[in-house]
Amino acid sequence: MNRPPMFLGLRFGKRDGKFRLWLPLFILFPFLVVILLLMAPFLLLAALVLWSFGWGKPFLLFIPVLLNLLWALRGLEIDINDKGEKVFISIK
Amino acid sequence: MPENKKRILEMLADKKITVEEAERLLALIASEDAAGNAGPEGVPGRKGAPKYLRVEVRPGAGAESSPEAERVNVRVPLNLIRAGMKLTALIPSQAAEKVRDALKEKGVDFDLRNLKMDDIEELVEALSDLEVDVESGKEKVHVYVE
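Values in this document were obtained by computation on a predicted structure and should not be read as measured data.

## What about the pattern of salt bridges?
- Within this structure, the stated rule accounts for 10 salt bridges over all chains.
- For the salt bridge of Arg75(B) with Glu77(A), the shortest nitrogen-to-oxygen distance reads 3.8 Å. Remark: Glu77(A) occurs in strand S3 (residues 77-82) and Arg75(B) occurs in strand S2 (residues 71-77); the pair is interchain, linking two chains.
- Judged by its relative accessible area of 23%, Glu77(A) falls in the partly exposed class.
- Arg54(B) serves as the salt-bridge partner of Glu146(B), at 3.2 Å between the closest nitrogen and oxygen. In this pair, Glu146(B) sits in the segment after strand S4 (139-145) while Arg54(B) sits in strand S1 (residues 52-59), placing the two residues 92 residues apart along the sequence.
- Owing to a relative accessible area of 34%, Glu146(B) belongs among the partly exposed residues under this scheme.

## Some thoughts on the pairing of S3(A)
- As defined by bridge partners, S3(A) adjoins strand S4 (residues 85-91) of chain A across six bridges and the pair is classed as antiparallel. Paired with Ile78(A) across the bridge in S4(A) is Ile89(A).
- Between S3(A) and the antiparallel strand that follows it, S4(A), lie two residues; Lys83(A) among them carries a positive phi value of about 50°.
- Where S3(A) and S2(B) come together, five bridges link them in antiparallel fashion. Looking across to S2(B), one finds that Asn81(A) is bridged to Arg71(B).

What counts and what doesn't
Residues numbered from 1 in each chain as written. Chains lettered and ligands numbered in written order. Predicted model: local features only at pLDDT ≥ 70, side-chain atom pairs only at ≥ 80, totals over all residues. Heavy atoms only, no water. Salt bridge = Lys/Arg side-chain N within 4 Å of Asp/Glu carboxyl O. Helix = DSSP H or I, 4+ residues; strand = E, 2+ residues; numbered from the N terminus. Buried < 20%, exposed > 50% of the residue type's maximum accessible area, 1.4 Å probe, protein only. Pairing = 2+ DSSP bridges.

Structure representation (structure tokens):
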């Protein structure tokens, strides 16, 4: 079972001026759940409307697939150094 | 690994893979069998299922100490490939048919809907033996799975 990513780390900039961000993603999850619950009736209604056009099922599957994709990002690490300029992205 | 061999032959029968690809996969299984029989520990760094695809770009000989040299270190979870493949479930049948037709026009007879998770798992497993090492004058590129 995949675990969701808990932290996002970002670092940009040159040696002298750097932008650093360390974001605990787990803090955002309760908000995400609340937003999803609030949107659920509207999403179901939209799915019903779209069903006749053949887009209902993909529309309903979109959120679980998107969450699965987000979960799968855990472990992603990008570290690029080019001419003193650094980009670092880490999802843990 | 008779189960894997059976699956490869089934994929070949279903024309999902070519004879050459089947040959390569069977050879891979044979080498894995041989490695498995060689010792309980196996080859170091090849144990368990692969988890990450690593791409490393380092400066070549002579430029290693230069702070201006380009360095890239990317680690992509293989789960992302699996999750990405699930996106095919979102393609509605009309769109999938259009994609199939467009691919056919380009000479690729392939239907996304025929792609099964088992096939992807096999591909990901086969990736464990992937290792690309390119060395030009300026840079060294190393692609591998860990």
